[in-house]
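# Structural overview for review
Given next are the chains, with one letter for each unit.
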Amino acid sequence: MSTDRLFRRLTLLPLLLLAGYFLLLLGSQTAFFDPADFLRQLGLADIRSAAMISLATATLSTGLAMLIGIPAAYALARYDFPGKRLVDTLIDLPMVLTPIALGTLILMAWNTPIGQGLERWGLTLPFTLAGVVVAQFTVVAAISVRLLKATFEQIEPRQEQVARLLGCNPFSCFWQVTLPLAKRGILAAVILTWARALGEFGATVMVAGTARGQTATLPGSIYLAMSAADLPRAVTLMVILISLALLVLFGLRLVAEGRR
């Protein structure tokens, strides 16, 4: 056997093992999947509510993460300022802390004077949909900034400089030059951020709980179903979540292929 063929097989083997393991995880549901029961479960109000809450809150938290993340990531990619390394490190902190810890920090923050002031203005987090959105945003914001920063760093500053020389002000340069050049990277960041928000569980449970029909997302509802040993409900919820995840990942592949 040639060295090239041996190397090829030794690299393909771990790939096949990993793919096989994930297929085993996905295929394990077939032993508990009943199409008739699945369709019946889909008609239940709390399952439809969990799906709608997950889709709505993931979309809102992703939109908020993009609204803040795009200018923040651009600033990190383009500007040097005192304390930049510290700020860059601080923004990455949610990627290291567990979601449970982040949820705990959110609750603690809401007991400070600033948090109490926001609550007096009507922004109540515990056991509310606003709490779900804030928890998801806290988890995904760092991911979105990191992805967007990498996108902006790939754009040659010279292109922006040429636009400025031709008379563009900083705002029109960013809108007409930078964003169009970064659009595929931004779209990929949106997809990945939304997918992560959709699967968020730990921080959401700590802040908003898992009240059925009120704050229970798909991951939270899966936890409730498994706690009650309700496998048909858990399988239905997992099928919905996995289907959404596969659609998102497929969309990401299409975006990635379009960038080539």
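Residues numbered from 1 in each chain as written. Predicted model: local features only at pLDDT ≥ 70, side-chain atom pairs only at ≥ 80, totals over all residues. Heavy atoms only, no water.

Bringing the packing of aromatic side chains into the picture now. One pass over the structure, following the stated rule, counts six aromatic pairs. Ring geometry for Tyr74 versus Tyr79: centroids 6.0 Å apart, planes at 85°, classification edge-to-face. Of the residues examined, Tyr79 reaches a relative accessible area of 45% and is grouped as partly exposed. For the pair Phe201 and Tyr223, a centre-to-centre distance of 5.4 Å together with 45° between the ring planes defines the contact as tilted. On the criterion of sequence distance, the pair formed by Phe201 in the loop between α9 (170-198) and α10 (202-208) and Tyr223 in helix α11 (residues 218-227) is long-range, its members being 22 residues apart. Every member of this aromatic cluster is reached through a ring pair, and the members are Tyr74, Tyr79, Phe152 and Phe174. (Phe/Tyr/Trp six-rings, centres within 6.5 Å; stacked < 30°, edge-to-face > 60°. Buried < 20%, exposed > 50% of the residue type's maximum accessible area, 1.4 Å probe, protein only. Helix = DSSP H or I, 4+ residues; strand = E, 2+ residues; numbered from the N terminus.)

Quick look at a nonpolar patch on the surface now. There is a patch of nonpolar side chains on the surface, built from Leu18, Tyr21, Phe22, Leu24 and Leu25 and spanning about 520 Å² of accessible area. Looking at the secondary structure, you find Phe22 in helix α1 (residues 3-27). The class of Phe22 is partly exposed, set by a relative accessible area of 45%. (Patch = residues over 30% accessible without salt bridge, like charges linked within 9 Å, V, L, I, M, F, W, Y side chains within 5 Å. Areas by Shrake-Rupley, 256 points an atom, 1.4 Å probe, with all protein chains shown as cover. Salt bridge = Lys/Arg side-chain N within 4 Å of Asp/Glu carboxyl O.)

Bringing the pattern of salt bridges into the picture now. Inspection of every chain in the model, using the stated rule, returns seven salt bridges. Of the charged contacts, one joins Lys149 and Glu153 as a salt bridge, the two residues approaching to 2.6 Å between their closest N and O atoms. On the criterion of helical spacing, the pair formed by Lys149 and Glu153 is a turn pair, its members being four residues apart in helix α7 (residues 129-153). The exposure class assigned to Lys149 is buried, which follows from its relative accessible area of 11%. Look at Glu153 and you get partly exposed, because its relative accessible area is 45%.

Packed helix pairs are specified by the crossing angle of their axes together with the interaxial distance, meaning the distance between the axes. Axis separation between helix α4 (residues 84-96) and α7 bottoms out at 7 Å; the angle between their running directions is 130°. Regarding the angle of α4 to α7, the classification is oblique. In terms of crossing hand, the pair formed by α4 and α7 is left-handed. Every residue of α7 that contacts α4 at Asp88, Ile91, Asp92, Pro94 and Met95 is listed here: Thr138, Ala142, Ile143, Val145, Arg146 and Lys149. Taken together, the residues of the contact of α4 with α7 break down into six nonpolar, one polar and four charged. (Axes fitted to C-alpha atoms, helices over the stretch in contact; angles between N-to-C directions. Parallel < 35°, antiparallel > 145°, perpendicular 65-115°, else oblique. Left-handed = near helix turned anticlockwise from the far one by under 90°. Contact = heavy atoms within 4.5 Å. Nonpolar A, V, L, I, M, F, W, Y, C, P; charged D, E, K, R; others polar.)

Attention now goes to the side chain of Thr62. Tracing the chain through its elements places Thr62 in helix α3 (residues 45-78). A polar atom in the side chain of Thr62 sits 3.5 Å from the backbone nitrogen of Trp194. (Polar contact = N/O pair within 3.5 Å; in protein donor to acceptor, adjacent residues only side chain to side chain.)

Under the defined criterion, the tally for this structure stands at two cavities of 30 Å³ or more. Within this model, the largest cavity holds a volume of roughly 40 Å³. Asp46, Ile47, Ala50, Arg212, Ser221, Arg233 and Leu237 are the residues that line the largest cavity. Of all the secondary-structure elements, those providing two or more residues to the lining of the largest cavity are α3 and α12 (231-258). Examining the composition of the lining of the largest cavity, we find that three residues originate from one element, α3, more than from any other. (1 Å grid on protein atoms, 1.4 Å probe; cavity = no way out; pocket = protein on both sides within 12 Å on 5 of 7 lines; lining within 4 Å. Points joined across faces, edges and corners; volume = space filled by probe spheres on them.)

On to helix α5 (residues 99-109). Here α5 has its buried residues at Leu102, Gly103 and Ile106. The buried side chains of α5 occupy one side of the element, clustering within an arc of 100° when seen end-on. The inward-facing, buried residues of α5 contact α4, α7 and α10. (Arc of directions from axis to C-beta.)

Right, let's talk about the side chain of Glu200 for a bit. Within the secondary structure layout, Glu200 lies in the loop between α9 and α10. At 3.1 Å, the side chain of Glu200 forms a polar contact with the backbone nitrogen of Gly202. Excluding residues that lie within four positions of it along the chain, Glu200 makes contacts with Pro99, Gln136, Val139, Thr217 and Pro219.

Looking now at the nonpolar core. Nonpolar side chains tend to gather and get buried jointly when the protein is soluble and globular. Core analysis: the largest hydrophobic core is formed by 31 residues, its most contacted members being Leu198, Leu218 and Leu237. Secondary-structure elements contributing two or more residues to this core are α3, α5, α7, α9, α10, α11 and α12. Dropping the residues within four chain positions of it, Leu198 is found in contact with Ser54, Leu55, Ala58, Pro219, Leu241 and Leu244. Grouped together as the second largest cluster of nonpolar side chains are 14 residues, Met66, Ile155, Leu179 and Ala189 included. (Core = buried A, V, L, I, M, F, W, Y, C linked by side-chain atoms within 4.5 Å.)

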